[in-house]
Amino acid sequence: MDIKLLTRTLTLKEKALLLSGKNNWETHEIARMNIPSFFLSDGPHGLRKQEGKADHLGLNESRKSTCFPTAATIANSWDETLARKIGEAIGEEAISQDVDVVLGPGLNIKRDPRGGRNFEYFSEDPYLAGKMAASYIKGIQATGTFACPKHFAANSQETRRMASDSEVDLRSLREIYLTGFEIAVKEAHPKAMMSAYNKVNGVYANENAFLLRDVLKQEWGFDGFVVSDWGGSNDHVLGVQNGSHLEMPSTGAAGANEIIQAIQNGELSEQVLDERISELLTVLLSKETKSGSFSSEKESEHHQLAKEAALKSAVLLKNEAAILPLKKGTKVALIGEFAKKPRYQGAGSSLVNPTRLEAATDIIRDYPVEFVGFETGYKTNSLATKPELLKEAVELAKKADVVLLYLGLDESSESEGMDRTQFTLPQNQLELIHALKQVNSNLIGILAGGSSFDLSFDTDLKAILTGYLSGQAGASALLDLLTGKASPSGKLNETYPFRLEDTALGDHFPAKGKASQYFEALFVGYRYYQAASVPVKYPFGFGLSYSKFAYSDIELSETGVSFQLTNTGQFDAEEISQLYVSMESGQNFRPKRELKAFAKTFLKRGESQTVFLPFDEYTFRYFDTETNQFEIEPGHYKVEIGTSSEAIELSTTVEQKGTAAKKKSQVEKFPHYFSGQMKQVPLAEFEALLGREVTKEEATLTRRPLLENDTIGDMQFAKSALARLAYHILEQKKQRSEKKGKPNLNVLFIYNMPFRAIYKMTAGKIDREMVQGILTIVNGSFWKGLRSVLKARRNCKKNQ
Ligand code: BGC
């Protein structure tokens, strides 16, 4: 099809319509030109196609689909083939539900363990995140369905998520926050990309020309379309101008009208509009129409795949005296509510309505152990210990050789729309561990949770197997591992620190003001703990196996490094080997070691294999802010093969001539970054790195006029007493639901959203004029504001 001709043939109104949604999930069709409507749907670990009342918070039920383990879980498998298979399965289900674009995977960097959506993201490491995401995308797109990785970029907190500015220096942005997206785009060519809600260095991601044009399109060759996150299009015209194609969800007639007006008054040129339209149509119209049904065989096949994924992603953290795998006939008690009501996915827009759901209590009898009973032990979403539940659990534990103790973060502590406030398990679970320990020393913890948490209770447990959020078939996968049907092989995609105080951000997460300063720069996750010499509970890349592996004979070549891997244990098992690269640079501050390749190898016991880990364009590079491109610093690089980021088995060095001449050391300019004292970085040093001053926050408690991009929660600073009252009511609602242990996602969303989102997310029922009127009221002019609201309402109705 001649897209240029088609673009020329479209009327201005038709073009304008194509750039915003028709409703919550669909794009506009232009029937006269045979341009169909396209259906976009969440989400990353299974489909969430809503056919009834639509929302973007997972509040209303969607059609059934396979709930695979979430991204944080799959990343523990370090298995690109597996990720691809899951992508394919999701793509197939999308076809059967007439979904054209799957909104995922999510590949933001887990900057801090408290990030509310960490469970939806792959890793604290950009290389692992990028590789896993690329495989997912390849899988989804192999079926003809489009993938839409998200949220581009530097989207690291849920608090004020639509109004926060991520202030991050260029080098860290390129090396940490963009590299995963770069790998995904270059390797998998996603047909779409979702821009993030937040600002990046002062400019909303959806209208950020640097991100969308300079980097994504020009540098990486992205040839898909950019869609805003839901309600994340701040200035639609500016978005289109700077490289965004589609505003979602529908803003009623407003979206198209804004584009038409901008063309008419010269704010947007026809040329740019046509460029965007032809880019968008080139992708959309390249999509083959496919149809397929989701047969019961397929449903079973996908359930099996969800099980395989959970099995390959579970991580064995501890196994004292080889208590696992359980011996045949062991008397086993199941304790913990999660054994009956599994915690298998996170809440929010990724919430899947599963085709089936396994629970350990339903299937334990299928395993060669003697099941002596189940007790709840604690109630989820409640902190209080119930003495009768504790007592029953203790009595049961006395009858068992081994207690399989199902523990974890409950739903209320991990969800889109809020960041975590707790790092520990709920108090009632901790008390349960303590009580059981008095009567049975063979406690085996089976953990659920999509991000790291305090595991200091592990001294009371003989073994720990974490399933993360293991999807609908997690229960059987974990029991297979516990009983030795297979060996655990997963390794952590993130670090488990001892305490929250140990994290790079300490008290500084989440940012509560307008901007979030990325003081720690490159030093995210293990890069921080290693540079600052902070010991951790379980390092990045760590995971045990029932078998043992020996590493030998490292050999370096121009293209990579090879070594001999031998399974010296008693189990057939898989091993994840990791390649880390580092250099002692006089010139730039650098992490102590960075992941640059990995491989997962299956070896039968006694078997040996040569493993080759290739170098690639990411292996030796760093981003040079002077030349404004990636360079290789000349010098000697350490090349290490590890079983985790802290357990190095083999090491060698390689010399690189480099791409840039040696430069003067920056140690005097950035002393704290060189010495690993990221927590003590003075503002001036960070500003030197950032290249400008940071955003100054208004003093708290001052009354000030609020603007469109201030949040509803900012009404606490409003001039109007009425608005402050409204804030207090909202705040109380928020606190009440938090106390109940079940945060209200709607309230949280409203609390954190800017006024602008009122007209961006109500499909034109409330328009921008009305929001301006509301702001006039909030800012203290009640009657004037009310008149504006009423007038705008009349106009809005007329225009609908
Ligand atoms: C989330 C996106 C999601 C979209 C649609 C937003 O709130 O941030 O990840 O795809 O809603 O549900």
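Residues numbered from 1 in each chain as written. Predicted model: local features only at pLDDT ≥ 70, side-chain atom pairs only at ≥ 80, totals over all residues. Heavy atoms only, no water.

An unreviewed UniProt entry lists the protein under the name Beta-glucosidase, from Listeria kieliensis. Of the protein, the UniProt comment under Sequence similarities (unreviewed entry) reads exactly: "Belongs to the glycosyl hydrolase 3 family." (UniProt positions renumbered as here; feature names shortened; annotations may be inferred.)

(A) Here's a closer look at the UniProt feature "domain: Fibronectin type III-like" (unreviewed entry) in the protein. Within the UniProt annotation, "domain: Fibronectin type III-like" (unreviewed entry) is assigned to residues 575-645. Taken end to end, residues 575-645 is 0% helix and 58% strand, and its first and last C-alpha atoms sit 14 Å apart. (Helix = DSSP H or I, 4+ residues; strand = E, 2+ residues; numbered from the N terminus.)

(B) Representation of the environment of Y518. By the secondary structure assignment, Y518 is in the loop between β18 (515-517) and α17 (526-531). In this structure the C-alpha to C-alpha distance between Y518 and V101, which are 417 residues apart in sequence, comes to 32 Å. Beyond its immediate sequence surroundings of up to four residues, Y518 is in contact with R111, A154, S156, S166, E167, V168, Y177 and F686. For Y518, the side chain forms a polar contact with the main-chain oxygen of A154, separated by 3.3 Å. (Contact = heavy atoms within 4.5 Å. Polar contact = N/O pair within 3.5 Å; in protein donor to acceptor, adjacent residues only side chain to side chain.)

(C) Structural detail: the sheet that holds strand β5 (residues 165-167). Pairing is mixed across the open sheet formed by 4 strands, whose spatial order is β8-β7-β5-β18. Strands with a single pairing partner mark the edges of an open sheet, and in this sheet they are β8 (203-204) and β18. Two elements, strand β7 (residues 199-200) and β8, share 2 bridges in a ladder whose sense is antiparallel. In the sheet register, K199 faces β8, and the bridge partner there is Y204. (Pairing = 2+ DSSP bridges.)

(D) Focus on the nonpolar core. Counting 162 residues, the largest nonpolar core has F152, F225 and Y673 as its most contacted members. Looking at this core, the element that brings in the most residues is helix α5 (residues 126-142), giving 9 residues. Sequence-distant contacts of F225, defined by excluding residues within four places in its chain, comprise V101, F146, K191, A192, M193, H245, L246, L280, V283 and L284. Among the nonpolar cores identified, the runner-up in size contains 64 residues, and L324, L390, L405 and L447 belong to it. (Core = buried A, V, L, I, M, F, W, Y, C linked by side-chain atoms within 4.5 Å. Buried < 20%, exposed > 50% of the residue type's maximum accessible area, 1.4 Å probe, protein only.)

(E) Layout of empty space enclosed by the protein. With the rule as written, the count across this model stands at 7 cavities of 30 Å³ or more. Size it by volume and the largest cavity reaches roughly 170 Å³. Taken together, 20 residues make up the lining of the largest cavity; nearest its centre are P342, R343, Y406, S470 and L478. When contributions to the lining of the largest cavity are tallied by element, the ones reaching two or more residues are β14 (402-408), β15 (443-448) and α16 (474-482). The class makeup of the residues in the lining of the largest cavity is 13 nonpolar, 5 polar and 2 charged. Considering only enclosed or pocket space, the second largest cavity measures out at about 140 Å³ in volume. R111, D112, P113, G525 and Y529 are the residues nearest the centre of the second largest cavity, which is lined by 18 residues in total. (1 Å grid on protein atoms, 1.4 Å probe; cavity = no way out; pocket = protein on both sides within 12 Å on 5 of 7 lines; lining within 4 Å. Points joined across faces, edges and corners; volume = space filled by probe spheres on them. Nonpolar A, V, L, I, M, F, W, Y, C, P; charged D, E, K, R; others polar.)

(F) Structural detail: a nonpolar patch on the surface. Taken together, the side chains of L722, L725, I729, F782 and W783 make up a nonpolar region of the molecular surface, amounting to roughly 540 Å² of accessible area. For the nonpolar patch, the secondary structure elements donating two or more residues are α20 (721-739) and α24 (782-799). As for its placement among the helices and strands, L725 is situated in helix α20. Residue L725 is classed as partly exposed on the basis of its relative accessible area, which comes to 49%. (Patch = residues over 30% accessible without salt bridge, like charges linked within 9 Å, V, L, I, M, F, W, Y side chains within 5 Å. Areas by Shrake-Rupley, 256 points an atom, 1.4 Å probe, with all protein chains shown as cover. Salt bridge = Lys/Arg side-chain N within 4 Å of Asp/Glu carboxyl O.)

(G) Looking closely at the sheet that holds strand β13 (residues 370-375). If you trace the 6 strands from one edge of the open sheet to the other, you get β10-β16-β15-β14-β11-β13, paired in mixed fashion. For this open sheet the edge positions go to β10 (315-319) and β13, each flanked by a neighbour on one side alone. Each adjacent strand pair in this sheet contributes to an overall mean axis angle of 20 degrees, direction not counted. Two strands pair when backbone bridges link them, and β15 and strand β16 (residues 463-466) are joined in this way by 4 bridges, in the parallel orientation. In the sheet register, I444 faces β16, and the bridge partner there is A463. Contacting β11 (331-335), β13 and β14, helix α14 (residues 387-399) runs over the sheet at an angle of about 170 degrees to β13. (Axes fitted to C-alpha atoms, helices over the stretch in contact; angles between N-to-C directions.)

(H) Layout of the side chain of T466. In this fold, T466 is placed in strand β16. With near-sequence residues (within four places) excluded, T466 lies in contact with A314, V315, L317 and L447.

(I) Quick peek at the state of the cysteines. For the structure on display, the rule yields 0 disulfides. Here C67 stays unpaired: no disulfide links it, and the sulfur of C148, its closest cysteine neighbor, is 20 Å away. (Disulfide = S-S within 2.5 Å.)

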